[in-house]
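Okay, here's what each chain looks like letter by letter:
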Amino acid sequence: MSLFKVSPTDLIGKKGKEKIVGITAYDYTSAKLAQASEVDFILIGDSASMIMLGHPDTFPITMEEMLIFCQAVARGAPETLRIGDLPFLSYQVSTEKAIYNAGMMIKKGRCHAVKIEGGMEVASTVSAIVKAGIPIMGHIGLTPQRSMEMGGLRVQGKDLETAEKILHSAKALEEAGAFSIVLEGIPSDLAKLITEKVSIPTIGIGAGPHTDGQILVFHDVVGLFSDLRPKFVKNYVQGFELFKKAITSYKEEVKNGVFPGKEHQYTINPELIEELKRRYD
Ligand code: KIV
């Protein structure tokens, strides 16, 4: 296994000292960008289902597809902590299957850790995977793989009962041996309380500023994905418009005979062309 700069244990050490920054990546080029930007970790998220494969949600993506994305990211960011997201149905069927698929993320996907959605209900699975030597990141609150139950991608934990359930889940994941927990789509004050109550880092997405770290989807950061626009997303550049302009300029230059210019062409001795003309007269 190649050396990586920040390990799951290092991430725990950052709690309360410095903010942790994660970003998703699914391919070689975005992984290279993430590594060059020196983020603390890369998540190969099952959001690839929508962003890379064009599905409407995360349900269809398979382990095989996730492994291809993980391998590409490993080639692009060999020195960055890489966490592979276990897709729907890869860990729910049995503990054995969960350990096997988590192991495949390491063995074939070249990840250093895996992420699993769910709280109390997956605590025994988390514990079994950790016992197999595989570091686990939990994910609670708005968990897209449970969006059918939730009636869509809705903010979670706004009433006492669900807020308490999320807090219990955070404690259960900590006890099961998770090294960090993603808190997605929950009120900021609930995220603050959870962050205070667990000893492992909380990584927020739509959970306000009080978590130990933040994660965003690469395509949201660079403004390339507009199908879904949750409130918590920030585009740091309008990539879609920027790239559209570039492609439109390319199209216009080809139509107008401007591209390719002299600097984009290869040359050949003109005498050889004359000889070819003679031969094919
Ligand atoms: O799949 C994903 O991108 C995620 C992040 C939003 C945390 O799970």
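For the structure, see preceding data.
Values in this document were obtained by computation on a predicted structure and should not be read as measured data. (Residues numbered from 1 in each chain as written. Predicted model: local features only at pLDDT ≥ 70, side-chain atom pairs only at ≥ 80, totals over all residues. Heavy atoms only, no water.)

Chemist: Sorry, what's going on with the state of the cysteines here?
Modeler: Working definition: the covalent bond between the sulfur atoms of two cysteines is a disulfide. One pass over the structure, following the stated rule, counts zero disulfides. Cysteine Cys 70 remains unbridged, with the sulfur of Cys 111 as its closest cysteine sulfur at 3.6 Å. (Disulfide = S-S within 2.5 Å.)

Chemist: Would you mind going over the site of the ligand with me for this structure?
Modeler: By nearness alone, every residue bordering the ligand is listed as Thr 24, Leu 43, Gly 45, Asp 46, Ser 47, Asp 85, Lys 115, His 139, Ile 205 and Val 217. Between an oxygen atom of the ligand and a side-chain N or O atom of Lys 115, the distance comes to 3.1 Å. Protein burial of the ligand: of its 260 Å² of free accessible surface, 94% is covered by the chains. In terms of residue class, the shell around the ligand is made up of three nonpolar, four polar and three charged. (Near = heavy atom within 4 Å. Polar contact = N/O pair within 3.5 Å; in protein donor to acceptor, adjacent residues only side chain to side chain. Areas by Shrake-Rupley, 256 points an atom, 1.4 Å probe, with all protein chains shown as cover. Nonpolar A, V, L, I, M, F, W, Y, C, P; charged D, E, K, R; others polar.)

Chemist: Got a minute to help me understand unusual backbone geometry in this structure?
Modeler: For residues other than glycine, phi is negative in most cases, and the peptide bonds are mostly trans. A cis amide bond links Phe 259 with the next residue in sequence, Pro 260, at an omega value of 0°. Considering the arrangement of structural elements, one finds Pro 260 in the loop between α11 (239–255) and α12 (270–279). The phi angle at Leu 89 is positive, at roughly 75°, despite the residue not being glycine. Tracing the chain through its elements places Leu 89 in the loop between β3 (81–85) and α5 (95–107). Judged by relative accessible area, which is 45%, Leu 89 ranks as partly exposed. Positive phi, close to 60°, is recorded for Arg 110, a residue that is not glycine. Among the structural elements, Arg 110 can be located in the loop between α5 and β4 (113–115). (Helix = DSSP H or I, 4+ residues; strand = E, 2+ residues; numbered from the N terminus. Buried < 20%, exposed > 50% of the residue type's maximum accessible area, 1.4 Å probe, protein only.)

Chemist: What is the right way to look at the environment of Ala 113 in this model?
Modeler: Mapped onto the secondary structure, Ala 113 falls in strand β4. Through-space distance from the C-alpha of Ala 113 to that of Phe 69 is 15 Å; in sequence the pair is 44 residues apart. Setting aside its immediate chain neighbours within four residues, Ala 113 contacts Arg 82, Ile 83, Gly 84, Ile 106, Pro 135 and Phe 179. (Contact = heavy atoms within 4.5 Å.)

Chemist: Whenever I open this one, the nonpolar core confuses me. Can you help?
Modeler: When a protein is soluble and globular, its nonpolar side chains tend to lie buried together. Membership of the largest hydrophobic core comes to 71 residues, with the highest contact counts inside it found for Phe 41 and Leu 86. Among the elements that take part in this core, helix α8 (residues 160–176) stands out by supplying seven residues, more than any other. If we ignore the near neighbours within four places in the chain, the residues touching Phe 41 are Leu 11, Ile 20, Val 21, Gly 22, Ile 23, Thr 80, Leu 81, Ile 83, Met 137, Ile 203 and Ile 215. (Core = buried A, V, L, I, M, F, W, Y, C linked by side-chain atoms within 4.5 Å.)

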